[in-house]
Amino acid sequence: MARAVQLVVVMDPIERIKYAKDTTLAMLLAAQARGWSLHYANLGDLCLRDGVAEARTRTLSVRADERDWYSFGSEQTQKLGDADVVLMRKDPPFDTEYIYASYILERAQLAGALVINRPRGLRDMNEKVYTAWFPECCAPTLVTRDMAAMAVFAALHGTVVCKPLEGMGGHSIFVVVPGDKNTNVVFETLTNYGQRFAIVQKYLPEIAATGDARVLLIDGEPLPFALARIPSPADNRGNLAAGAKAVARPLSERDRWLASQIGPAMRAAGMLFVGIDVIGGFVTEINVTSPTGVRELLKQTGADAVELLIQAIERRLASR
């Protein structure tokens, strides 16, 4: 009898997730349905001992029950390289602690585990800065610490979006319009008076009507539907965490073209589960850390991104 696939998930506290929307839980439910053995860890459970990646883990069972969706079993310390799959689903901020964790996970990868997404890709592909590798897919964008350069960019493009490089979920995103007397305050806040990098992008007004669309790439191939996150009338942000409405729609020809430009690079880099964010036909972010939206897409369209991901993992395991 074949041994069950052992999966270690590294995630934020499972007791704090939003049951109805959480993508990681959907992944765990699908893996468990395959007969895989689940093991749970937080970032603080990881360590590197004499070059060997280890984790304090607990066996995990999950259930499709909104009031009681998980339980833990035995606790153990294990070598992460002995696991078949390590699923890195820790949400940003993408800070130095996240980077240190990626080094530990890379040691696990080198010792034999299939780490998703690949640790080097997590380090290299900052979700906002990495769009620079695909400038033909993006609206005008500036990454800088120079507040004067930000002001020139804003004067050139009119309304702009300003945001930090490490956040998620709409955290600290500002829309600055011409003549806004808070413009300098926004630039000062985001750059800490020129001491850290921030990003400024041309504002894309299509977000108000058609939203910020998440296109999911599974092993480089796009799901046939996008999840448009349409801001509430009281907000500029197309983020579900900021109150946006989720509306699924078929991919457009432009979506497919964008996926054809970005998907092969993701596949080659070992990034099996990626979300590209599209506003008005332009990519604004490439989400490699913890893309979400699969449960809304499944509910509205029947498209099962998690099933496709599990199949992609199985193919990778079979080819090793």
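Residues numbered from 1 in each chain as written. Predicted model: local features only at pLDDT ≥ 70, side-chain atom pairs only at ≥ 80, totals over all residues. Heavy atoms only, no water.

Colleague: Could you clarify how one ought to interpret the side chain of Ser-290 in this entry?
Modeller: Mapped onto the fold, Ser-290 is located in the loop between strand S16 (282-287) and helix H8 (294-301). Ser-290 sits in the buried class, given a relative accessible area of 5%. A polar atom in the side chain of Ser-290 sits 2.7 Å from the side chain of Asp-91. Beyond its immediate stretch of four places on either side in the chain, Ser-290 contacts Arg-89, Lys-90, Asp-91, Pro-92 and Glu-127. (Helix = DSSP H or I, 4+ residues; strand = E, 2+ residues; numbered from the N terminus. Buried < 20%, exposed > 50% of the residue type's maximum accessible area, 1.4 Å probe, protein only. Polar contact = N/O pair within 3.5 Å; in protein donor to acceptor, adjacent residues only side chain to side chain. Contact = heavy atoms within 4.5 Å.)

Colleague: In this structure, what is going on with the sheet that holds strand S15 (residues 273-279)? I would like to understand it.
Modeller: In sheet architecture, strand pairing relies on hydrogen bonds along the backbone and comes in two forms, parallel and antiparallel. Taken together, 5 strands build an open sheet; the order of strands is S14-S13-S12-S15-S16 and the sheet is antiparallel. Of all the strands in the sheet, just strand S14 (245-250) and S16 have a single pairing partner and so form its edges. Pairs of neighbouring strands in the sheet enclose a mean axial angle of 30 degrees, with direction left out of account. The pairing of strand S12 (residues 212-218) with S15 spans 6 bridges and is classified as antiparallel. In the strand pairing of S15, Ala-213 is matched with Val-278. Packed on one face of the sheet, helix H7 (residues 253-268) meets S12, strand S13 (221-230), S14, S15 and S16 and runs near 145 degrees to S15. (Pairing = 2+ DSSP bridges. Axes fitted to C-alpha atoms, helices over the stretch in contact; angles between N-to-C directions.)

Colleague: Got a minute to help me understand the environment of Asp-84 in this structure?
Modeller: Note that Asp-84 resides in the loop between strand S5 (70-79) and strand S6 (85-89). Along the primary structure Asp-84 and Lys-181 are separated by 97 residues, whereas in three dimensions their C-alpha atoms are 55 Å apart. Dropping the residues within four chain positions of it, Asp-84 is found in contact with Arg-3, Ala-4, Val-5, Gln-6, Ala-113, Leu-114, Leu-317 and Arg-320. A distance of 2.8 Å separates a polar atom in the side chain of Asp-84 from a polar atom in the side chain of Arg-3.

Colleague: Whenever I open this one, H8 confuses me. Can you help?
Modeller: Since one α-helical turn is 3.6 residues long, residues separated by three or four positions face the same way. Within H8, the full set of buried residues consists of Val-294, Arg-295, Glu-296 and Leu-297. Those residues of H8 that are buried are in contact with helix H1 (23-33), S12, S13, S14, S15 and helix H9 (305-319). Backbone geometry just after H8 places Gly-302 at a positive phi near 85 degrees.

Colleague: Before we go on, may I ask you to explain the sheet that holds strand S11 (residues 198-202) in this structure?
Modeller: On the basis of which strands lie adjacent, the open sheet formed by 4 strands has the order S8-S11-S9-S10 and antiparallel pairing. Both edges of this open sheet fall to strand S8 (141-144) and strand S10 (174-176), since each of them pairs with a single strand only. On average, each strand axis in the sheet is inclined to that of its neighbour by 20 degrees, with strand direction left out of account. Packed on one face of the sheet, helix H5 (residues 183-191) meets S8, strand S9 (160-164), S10 and S11 and runs near 25 degrees to S9.

Colleague: Please explain the pattern of salt bridges as it appears in this structure.
Modeller: Side chains carrying opposite charge are able to pair once their charged atoms draw close together. Under the definition given, this model contains 18 salt bridges. With its nearest N and O atoms 3.3 Å apart, the salt bridge here joins Lys-90 to Asp-12. Separated by 78 residues along the polypeptide, Lys-90 in the loop between S6 and helix H2 (96-110) and Asp-12 in the loop between strand S1 (6-11) and H1 bring together distant segments of the chain. Exposure remark for Lys-90: the relative accessible area of 15% places this residue in the buried category. Here Asp-12 falls in the partly exposed class, since its relative accessible area comes to 23%. One salt-bridge network, in which partners are shared between bridges, spans Asp-212, Arg-214, Arg-229 and Asp-277. (Salt bridge = Lys/Arg side-chain N within 4 Å of Asp/Glu carboxyl O.)

Purely geometric stuff here, so don't read any function into it on its own.
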